[in-house]
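Secondary and tertiary structure notes
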Amino acid sequence: MEGVITFSLYEHIRMLIDRLLYHIWMTLLWMRVVVILPIARKIIVVLMWTRRVMILPLMKAMLVICLILLVLVMMQKTSMGFASLYSKVFRQRPERIYKCNSIEEDEELGSLAYPLVLVQIPMYNEKEVYQLSIRAACNITWPVDRVIIQVLDDSTDPMIKEFIYEECNRWLKKGKNIKYERRDNRKGYKAGALKMGMKHDYVQICEYVAMFDADFQPEPDFLLRTIPFLIHNPNLALVQARWKFVNADECMMTRMQEMSMDYHFKVEQESGSTTCGFFGYNGTAGVWRIHAINDAGGWEDRTTVEDMDLAVRATLRGWKFVYVGSIKVKSELPSTFKAYRYQQHRWSCGPAVLFKKLFWEILLAKQVSFLKKFYIIYSFFIARRIVTHFVTFFFFCVFIPLSIFFPEIKIPRWGIIYLPTAITLLNAVGTPSSIHLLVFWALFENVMALHRCKAVLIGLFEAGRSTEWIVTKKLGDISKTKTNTSSSKQSREKFCERCYPLELLMGVFLLLCGCYDYKFGNNHFFGLFFMQCIAFFVIGFGYTGIRVPRDN
């Protein structure tokens with residue numbers, strides 16, 4: 001009897017469990033039919049409504065904005081190209097526009113016929129190149145008693161300090177008038193060093209100052225060719241020379257940098273000099289009238305582009321500049337991608353900060369014409385240093401990939417083929433010998449536009465890195481004299497250090513867009529997406545530029 005009762009109890013419990021499971025299943029089925037499916041249907045309806053009413057109009061509005069900005073960039077490039085072409089065709093060279101007769105020898109005056117010139121060389125831990133710049137400056141052809149070479153050393157490495165000091169002493173013993181100036185701190189970075197350098201008593205009797213970064217090597221006749229412009233034209237404040245790159249053929253990255261820099265000097269700087277006598281000072285390979293520097297308020301360290309800051313303020317005081325492209329100064333391009341990123345961050349963030357600080361000062365300036373104000377605000381700052389970066393990145397790397405998910409978005413052929421091709425070709429006029437690299441250059445510039453846009457936003461909002469100054473590392477002959485052998489541990493560390501998550505994320509995004517367009521789209525953009533995706537991955541993993549082994 002006891003066994004029967006136990007069995008019946010077991011059957012009763014099992015029936016209860018089965019009934020409970022049945023009710024749970026029916027409840028879930030009811031929720032699926034009555035609750036979940038209607039909610040899902042409502043979510044889908046909301047998403048479709050959002051896409052039709054909000055996202056699609058937003059995409060169409062962004063397309064219009066992008067096309068307008070693209071046209072503005074094209075107009076900017078065309079106008080500068082025509083100005084540069086005009087100066088070449090009609091031989092409007094600085095030597096023909098400005099008086100620049102050579103300094104005449106005078107037996108009675110002797111060396112006093114030459115003005116007293118200060119040559120400044122700011123340095124910061126420049127172990128690989130300090131000898132090059134000091135030697136080049138000391139070999140400049142100019143009366144020894146009429147030139148002062150000033151080495152401004154902000155180095156923090158005691159060994160490098162000692163090396164630079166000994167190098168200066170070596171040239172001092174050879175009879176050169178060289179001064180070694182050292183600071184105990186890096187306040188104001190390069191601007192702070194230059195400001196301190198101008199305060200020494202021996203500078204007060206100098207009329208002009210020539211500036212060279214540590215990797216720049218001027219030719220012996222540099223002062224003989226630049227100073228006459230300032231002597232014979234009292235309204236000129238600056239003579240800017242062109243940069244010539246000694247390592248342009250070192251790797252693919254330096255070749256593409258050369259294309260961008262040649263366009264900057266041969267078109268942007270030359271057009272600004274020809275049309276309105278204003279352009280951005282490049283911070284080196286130039287000669288200033290010291291009176292113009294003082295008249296503009298001296299060096300300011302409020303941004304990382306102290307050279308551009310001084311140039312704008314001097315222009316607002318009525319001074320003019322001249323760019324002389326026939327005078328070339330040897331220099332070095334960043335050979336590693338890390339150094340290039342730091343340089344581009346400084347060159348993109350600094351102008352954005354400066355634009356905010358100087359906007360009203362430019363607008364209210366009384367000593368310059370409205371045309372020059374418009375040129376500085378629109379052409380110099382907005383078009384070249386803000387709009388171009390955002391169009392390059394947002395339109396080509398974000399908007400066009402997103403447009404494949406919206407068949408209603410029709411990008412005109414002129415906006416996606418003709419204008420971009422024309423802009424790319426215009427950028428290649430500075431370096432015709434590298435025109436075969438044009439496609440690689442365009443892909444590389446699109447990737448760098450991401451970094452530049454981020455830097456511009458940091459500058460406009462004056463975020464934490466807006467005043468960050470990391471000196472661009474110069475390698476000199478390090479890549480030729482050191483082997484590429486390193487331990488596996490070092491290789492792993494360097495691999496992790498050279499990965500850039502934002503570029504890799506953009507690469508994944510473009511890869512997904514390319515796959516979707518290949519499978520479902522009808523625009524045939526997937527080829528462009530895949531090429532740009534590869535460029536983002538190559539740069540994101542750091543496989544560009546040269547690899548320099550670490551010092552032991």
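Keep in mind that this is a model prediction, so the values were computed, not measured. For every chain, the first residue of the written sequence is number 1, and numbering continues from 1 onward in sequence order. Predicted model: local features are reported for residues with pLDDT of at least 70 only, side-chain atom pairs are reported and counted for 80 or more only, and whole-chain, interface and lining totals are derived from all residues. Here the side-chain values reflect all heavy atoms present in the structure, with hydrogen atoms and water set aside.

In terms of regular secondary structure, the protein is built from 17 helices and 7 strands. Burial classes follow relative accessibility: with a 1.4 Å probe on protein chains only, a residue under 20% of its type's maximum area counts as buried, one over 50% as exposed, and anything between as partly exposed. With 552 residues in all, the protein has 50% of them scored as buried. Long-range contacts, defined as pairs at least 24 residues apart, comprise 82% of the intrachain contacts of the protein with a sequence gap of at least 6. Throughout, the Shrake-Rupley method with a 1.4 Å probe supplies accessible areas, and for residues the shown protein chains are the sole cover considered. Just so you have it, the protein exposes about 27,700 Å², and 63% of that area is on carbon and sulfur atoms. The secondary structure listing takes helices from DSSP runs of H or I that are at least 4 residues long and strands from runs of E that are at least 2 residues long, numbered from the N terminus. The contact criterion used is simple: two residues touch if any of their non-hydrogen atoms lie within 4.5 Å.

Quick look at unusual backbone geometry now. Located in the positive-phi region is Arg91, a residue other than glycine, with phi close to 55°. Topologically, Arg91 is positioned in the loop between helix H1 (2–89) and helix H2 (94–97). Even without being a glycine, Glu462 presents a positive backbone phi close to 50°. Its place among the elements puts Glu462 in the loop between helix H13 (438–460) and helix H14 (478–481). Looking at Glu462, the relative accessible area reads 37%, which means it is partly exposed.

Being paired, for any two strands, means DSSP has found at least two bridges between them. On the basis of which strands lie adjacent, the open sheet formed by 7 strands has the order S3-S2-S1-S4-S6-S5-S7 and mixed pairing. Each edge of the open sheet carries a strand with a single partner, namely strand S3 (178–182) and strand S7 (320–331). Strand-to-strand twist of the sheet, defined as the mean angle between neighbouring strand axes without regard to direction, takes the value 20°. Strand direction decides the pairing type here: strand S2 (residues 147–153) and S3, joined by 5 bridges, are parallel. Looking at S3, one finds that Leu152 is bridged to Glu181. Packing against the sheet, helix H4 (residues 158–173) makes contact with strand S1 (117–123), S2 and S3, and its axis sits at approximately 160° to S3. For helices, the fitted axis covers only the stretch in contact; all axes are lines through C-alpha atoms, and the angles between them, taken along N-to-C directions, range from 0 to 180 degrees.

Mapped onto the secondary structure, Ala214 falls in the loop between strand S4 (208–211) and helix H6 (222–232). In this structure, the C-alpha to C-alpha distance between Ala214 and Glu332, residues 118 residues apart in sequence, is 9.7 Å. Residues within four places of Ala214 in sequence aside, it is in contact with Ile121, Pro122, Met123, Glu126, Val129 and Ser133.

This part is about the packing of aromatic side chains. For Phe, Tyr and Trp, where Trp contributes only its six-membered ring, two rings pair if their centres lie within 6.5 Å, and the inter-plane angle classes them as stacked under 30 degrees, edge-to-face over 60, or tilted in between. Counted according to the given criterion, the structure contains 30 aromatic pairs. Each ring, one from Tyr86 and one from Phe90, has its centre 4.9 Å from the other, and the planes form 40°; the classification is tilted. Judged by relative accessible area, which is 42%, Tyr86 ranks as partly exposed. We classify Phe90 as exposed; its relative accessible area is 52%. Each ring, one from Phe337 and one from Tyr500, has its centre 5.3 Å from the other, and the planes form 75°; the classification is edge-to-face.

Take the nonpolar core next. What is meant by a nonpolar core is a set of buried Ala, Val, Leu, Ile, Met, Phe, Trp, Tyr and Cys residues, joined one to another through side-chain atoms within 4.5 Å. Within the largest apolar cluster, 96 residues are counted, with the highest numbers of intra-cluster contacts made by Ile134 and Trp288. When residues of this core are assigned to their parent elements, the largest contribution, 7 residues, is made by strand S5 (residues 236–245).

Okay, helix H16 (residues 501–519) next. Between its terminal C-alpha atoms H16 stretches 27 Å, which fits the 27 Å expected from 19 residues at 1.5 Å a residue. Among the residues making up H16, those that are buried are Glu503, Leu504, Met506, Gly507, Leu510, Cys513, Gly514 and Asp517. Summarising the contacts, the buried residues of H16 are in contact with helix H10 (337–363), helix H11 (370–403), H13 and helix H17 (526–540). Helices are assigned an expected span. That span is 1.5 Å times one less than the residue count.

The next thing to look at is the UniProt feature "transmembrane region" (unreviewed entry) in the protein. UniProt positions are given in the numbering used here, feature names are shortened, and annotations may be inferred rather than shown by experiment. Those residues carrying the UniProt feature "transmembrane region" (unreviewed entry) are residues 20–41, 53–75, 386–406, 418–444 and 525–546 in this numbering. Along residues 386–406 one finds 86% helix and 0% strand; the C-alpha atoms at either end are 28 Å apart. Counting secondary structure, residues 525–546 comes out at 68% helix and 0% strand; the distance between its end C-alpha atoms is 32 Å.

Attention now moves to a negative patch on the surface. Residues enter patches when they are more than 30% accessible in relative terms and free of salt bridges; like-charged ones are connected within 9 Å and nonpolar ones (Val, Leu, Ile, Met, Phe, Trp, Tyr) within 5 Å. Here, a salt bridge means any side-chain nitrogen of Lys or Arg that lies within 4 Å of a carboxyl oxygen of Asp or Glu. Only four residue types enter the tally: Lys and Arg on the positive side, Asp and Glu on the negative side, with His and both chain ends excluded. A charged residue contributes its charge at one atom only: NZ of Lys, CZ of Arg, CG of Asp or CD of Glu. A surface patch of negative charge is lined by Glu104, Glu105, Asp106, Glu107 and Glu108. Structurally, the position occupied by Asp106 is in the loop between H2 and S1. On the accessibility criterion, Asp106 (31% relative accessible area) is partly exposed.

Right, let's talk about the pattern of salt bridges for a bit. In the structure shown here, the tally under the stated rule is 15 salt bridges. Note that Arg183 is salt-bridged to Asp154, the shortest N-O span being 2.6 Å. With a gap of 29 residues between them, Arg183 in the loop between S3 and helix H5 (189–197) and Asp154 in the loop between S2 and H4 connect regions that are remote in the sequence. Judged on exposure class, the residue Arg183 and its partner Asp154 are both buried. Put simply, Asp213 and Lys190 hold a salt bridge, and the shortest N to O gap is 2.9 Å.

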